[in-house]
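Coordinate analysis (summary)
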Amino acid sequence: EAQVTQNPRYLITVTGKKLTVTCSQNMNHEYMSWYRQDPGLGLRQIYYSMNVEVTDKGDVPEGYKVSRKEKRNFPLILESPSPNQTSLYFCASSRGQPLYEQYFGPGTRLTVT
Amino acid sequence: AQSVTQLDSQVPVFEEAPVELRCNYSSSVSVYLFWYVQYPNQGLQLLLKYLSGSTLVKGINGFEAEFNKSQTSFHLRKPSVHISDTAEYFCAVSTGRRALTFGSGTRLQVQP
């Protein structure tokens, strides 16, 4: 089954404790992206990757890091999480540019206390 | 830079009634437009998209949208809604070079 998987689905952590949210897709997609969803703000792009070893900042990259060492994986790293990073995070992938349908993962709900 | 405005944060409607969810965009270049739907506790899935050609676009689940370049709008419509259409709907725009820019979402609440 074609899908985007994220882990963990739920995470509660404390300020400053480094964490990684994994994202993996099995569709051989070149394009992957991370979004955060906050009430009243819709989805905002954090980082995206057009292909392996190619990443770029989205609209809200501060406090986040990503890497794309393999085509299928695109982890999101929070080196020192803060409470304002409490949010619902989605990973997405698509065949190429965003003109193609983006397939979204189920989301990761992160709470930073 | 591009931006998207969804004019209604919530739209309550009775089952079998028609509905229109409004979306306006702003961009200095040509755009591509999308509607995504998010059912409770799920990720987003594509409803429909406009890339070029006919300005009336049909999507899944009986939804359609019309691209109006002069009014910079891309409103989503359905002639008769069902309870199962209760979800949050996001309009999004892309210039083709980067990812999508999403609107803030419209929560459609279908009542029996």
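Thresholds, definitions, all that
Residues numbered from 1 in each chain as written. Chains lettered and ligands numbered in written order. Predicted model: local features only at pLDDT ≥ 70, side-chain atom pairs only at ≥ 80, totals over all residues. Heavy atoms only, no water. Helix = DSSP H or I, 4+ residues; strand = E, 2+ residues; numbered from the N terminus. Rg over C-alpha atoms; globule rule 2.2 N^0.38 Å. Areas by Shrake-Rupley, 256 points an atom, 1.4 Å probe, with all protein chains shown as cover. Lys, Arg positive; Asp, Glu negative; His and termini not counted. Charge placed at Lys NZ, Arg CZ, Asp CG, Glu CD. Buried < 20%, exposed > 50% of the residue type's maximum accessible area, 1.4 Å probe, protein only. Pairing = 2+ DSSP bridges. Phe/Tyr/Trp six-rings, centres within 6.5 Å; stacked < 30°, edge-to-face > 60°. Contact = heavy atoms within 4.5 Å. Buried area = accessible area lost by both parts, 1.4 Å probe. Nonpolar A, V, L, I, M, F, W, Y, C, P; charged D, E, K, R; others polar.

When helices and strands are tallied, chain A shows 0 helices and 11 strands. For 113 residues, the compact-globule formula gives about 13 Å, and the C-alpha radius of gyration of chain A, at 13 Å, lands near that figure. Summarising its shape, the C-alpha atoms of chain A cover approximately 35 × 30 × 25 Å along the three principal directions. Accessible area for chain A stands at about 5400 Å²; split by element, carbon and sulfur atoms hold 49% of it. In chain A, the 13 positive side-chain charges and the 10 negative ones have mean positions that sit 5 Å from each other.

Residue and element names in this part refer to chain B. Taking burial as the measure, the 8 residues of strand S10 (residues 87-94) include 8 buried ones, the bulk of the element. Residues of S10 alternate between two faces, with Ala 87, Tyr 89, Cys 91 and Val 93 on one and Glu 88, Phe 90, Ala 92 and Ser 94 on the opposite face, all of them buried. Where S10 and strand S12 (residues 106-111) come together, 3 bridges link them in antiparallel fashion. Paired with Ala 87 across the two strands is Leu 108, which belongs to S12.

What follows concerns the packing of aromatic side chains. A full pass over the atoms with the stated rule returns 13 aromatic pairs over all chains. Centre to centre, the rings of A:Tyr35 and A:Phe104 are 5.8 Å apart; their planes meet at 35 degrees, and the pair counts as tilted. Pair noted here: A:Tyr35 is in strand S4 (residues 31-38) and A:Phe104 is in strand S10 (residues 103-104), with a separation of 69 residues, a long-range link. Between B:Phe34 and B:Tyr36, the aromatic rings sit 6.5 Å apart at their centres with planes inclined by 35 degrees, giving tilted as the arrangement. Assessed through its relative accessible area of 0%, B:Phe34 is described here as buried. An aromatic cluster is built from A:Tyr35, A:Phe90, A:Phe104, B:Phe34, B:Tyr36, B:Phe90 and B:Phe102, whose rings are joined through pairwise contacts.

This part is about the interface of chain B and chain A. It is common to give the size of an interface as the accessible area lost on bringing the parts into contact. At the junction of the two partners, chain B supplies 21 residues and chain A supplies 23 residues. When chain B packs against chain A, the two sides together hide about 1700 Å² of surface, and 55% of this comes from carbon and sulfur. Elements with a contribution of two residues or more to the side of chain B that touches chain A: strand S5 (32-38), strand S6 (44-50) and S10 of chain B. Counting residues per element, the side of chain B that touches chain A draws most heavily on S5(B), at 4 residues. Of the residues that constitute the side of chain B that touches chain A, the class distribution is 10 nonpolar, 8 polar and 3 charged.

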